[in-house]
Amino acid sequence: MRSYALLLIVFLLFSGAAIAQPQLNFKRIVNNWPWIELYFTVTCNGQQASFVDKRVFNVRENVLNVGDFELWCPDLTMDCVISTALVFDASARMAGSKRTGAIAAGNAFLDFMARDDEATLVWFSSAVTIAQGMTSYSDLLHNAMNSIPASGTSLLWDGIYFGLLEVVNNGVNPCRSVIVLTDGIDNSSSHTPEEIVALANRNRIRVVAVSLDTNVNMDQLRNIVDQTGGRWYGPEDPLRLKGIYEELFPFLLYGIYDCVITYRTEYMYGGNRSLDLSLLKFFTAQTSKTKSS
């Protein structure tokens, strides 16, 4: 028997006579010092693989081998059950077609939810409102969605942060995310983008952002998305929102199926960190990738 087990096996090229070469996609590094997490996928001929034996991988930090680490990969034979926070801008800038498009998009997303999926609805303007706590009852979520207002200013960062807290404190499913729709610049939130990234990464929550205008905190929002492994849309036409939220559901089910290697670093907090991740032998091939943080 092989020294490692695969949940997804046998990748062959065309006729099946040749073995496809593995593709290692080293996506990102999360520094929750002293714990470091490496997010990656391995594919062969377009098919993703899932591993249970960590001995097929080697990790080096600043050239030195990491002797002890944990490996987790998803079960690719099953859809991931989701817990998500739908966070909506409810400021005065959302009046009219933007509000109408946002409500239609949120309701379309809810229509895709299966029995065990769950969501919470949060909106932000001059204050943050938890319009509906985490639940799998779609009727409650639809009712809250249809009541989104459009007045006041925009506490964007606080809205995202409170959405994260709802997922952290009340979400029970493994695929966790926050989807935020915004149309304005943040007005004096008490939380910061740095706090959002830290909270999201500590709890493996992806942040997806949809912008309706260029007059938003574009660079900071995109940085949040990039650092948490989410997805960015914008600026978008309100008429396209329904289609975007329909696209997002498959992403939450399948697009976030990364493997994760976790280890405790011997290096102090801060400073440059170079990580080399190697797949030692997958059938006949070996591959490695390097990232810095």
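Residues numbered from 1 in each chain as written. Predicted model: local features only at pLDDT ≥ 70, side-chain atom pairs only at ≥ 80, totals over all residues. Heavy atoms only, no water.

*Asks:* Give me the overall build of the protein: which residues, what numbers.
*Replies:* Of the regular secondary structure elements, the protein holds 6 helices and 17 strands. Looking at the protein as a whole, 52% of its 293 residues are labelled buried. Pairs at least 24 apart in sequence give 74% of the contacts found in the protein among residues at least 6 apart. For the protein, the accessible area works out to roughly 13500 Å², and carbon and sulfur atoms hold 51% of it. (Helix = DSSP H or I, 4+ residues; strand = E, 2+ residues; numbered from the N terminus. Buried < 20%, exposed > 50% of the residue type's maximum accessible area, 1.4 Å probe, protein only. Contact = heavy atoms within 4.5 Å. Areas by Shrake-Rupley, 256 points an atom, 1.4 Å probe, with all protein chains shown as cover.)

*Asks:* Lay out the state of the cysteines with the relevant residues and their values.
*Replies:* Each disulfide consists of one covalent bond between the sulfur atoms belonging to two cysteines. One pass over the structure, following the stated rule, counts 2 disulfides. Covalent S-S linkage joins C73 and C259, the inter-sulfur distance amounting to 2.0 Å. The sign of the 115° torsion about the S-S bond sets the C73-C259 disulfide as right-handed. Taken together, the residues C73 in the loop between β8 (70–72) and β9 (82–89) and C259 in strand β15 (residues 259–264) connect sequence positions 186 residues apart. (Disulfide = S-S within 2.5 Å.)

*Asks:* Now, about the sheet that holds strand β14 (residues 232–233): what can you tell me, with residues and values included?
*Replies:* The strand order across the open sheet built from 6 strands is β11-β10-β9-β12-β13-β14, with neighbouring strands paired in mixed fashion. Each edge of the open sheet is held by one strand with a lone partner, namely β11 (128–135) and β14. Pairing of β9 with strand β10 (residues 118–124), which is carried by 7 bridges, proceeds in the parallel orientation. Bridged to L86 within β10 is L121. Contacting β9, β10 and β12 (175–182), helix α1 (residues 97–111) crosses the sheet at an angle of about 175° to β9. (Pairing = 2+ DSSP bridges. Axes fitted to C-alpha atoms, helices over the stretch in contact; angles between N-to-C directions.)

*Asks:* An account of unusual backbone geometry is needed here, citing residue identities and associated values.
*Replies:* Omega for the peptide link from W33 to P34 comes to 10°, which places this bond in the cis form. Relative to the helices and strands, P34 resides in the loop between β3 (22–32) and β4 (35–44). Looking along the chain, the bond that leaves G234 and enters P235 is cis, with omega of -10°. At S188, a residue that is not glycine, the phi angle is positive and equals roughly 55°. Mapped onto the secondary structure, S188 falls in the loop between β12 and α4 (193–202).

*Asks:* Got a sec to walk through the nonpolar core? Specific residues and values, please.
*Replies:* Ranked by internal contacts, the top residues of the largest apolar core, which has 35 residues, are L86, F88, F109, M145, I179, L181 and Y245. Taken together, the elements giving at least two residues each to this core come down to β9, α1, β10, α2 (138–145), β12, β13 (205–211) and α6 (241–255). Top element by residues in this core is α6. It accounts for 8 residues. Leaving out residues up to four positions away in the same chain, L86 has contacts with F109, L110, T120, L121, V122, M145, I179 and Y245. (Core = buried A, V, L, I, M, F, W, Y, C linked by side-chain atoms within 4.5 Å.)

*Asks:* Now, about the pattern of salt bridges: what can you tell me, with residues and values included?
*Replies:* All chains considered together, the criterion is met by 14 salt bridges. Note that D258 and K27 form a salt bridge whose closest N and O atoms lie 2.7 Å from each other. Separated by 231 residues along the polypeptide, D258 in the loop between α6 and β15 and K27 in strand β3 bring together distant segments of the chain. By relative accessible area, K27 is classed as partly exposed at 32%. The residue E236 makes a salt bridge to R240 at a minimum N-O spacing of 2.9 Å. According to the relative accessible area criterion, E236 is buried, its value standing at 14%. For R240, a relative accessible area of 39% translates into the label partly exposed. (Salt bridge = Lys/Arg side-chain N within 4 Å of Asp/Glu carboxyl O.)

*Asks:* Describe the side chain of D258, with residues and values.
*Replies:* The exposure class assigned to D258 is buried, which follows from its relative accessible area of 2%. Of the polar contacts made by the side chain of D258, one reaches the side chain of K27; its length is 2.7 Å. Within the local environment of D258, its side chain forms a polar contact with the side chain of R206, the two groups lying 2.8 Å apart. Residues contacting D258, with those up to four places away along its chain left out, are K27, Y39, F40, T41, W72, P74 and R206. (Polar contact = N/O pair within 3.5 Å; in protein donor to acceptor, adjacent residues only side chain to side chain.)

*Asks:* Would you mind going over α2 in detail, with residue names and values included?
*Replies:* Taken as a whole, α2 has its buried residues at L141, H142, A144 and M145. Along the long axis of α2, the arc covered by the buried residues comes to 165°, so they all point the same way. Residues of α2 that are exposed and point more than 90 degrees away from the buried face comprise D139 and N143. For α2, the secondary structure elements touched by its buried residues are β9, α1, β10 and β11. (Arc of directions from axis to C-beta.)

Purely geometric stuff here, so don't read any function into it on its own.
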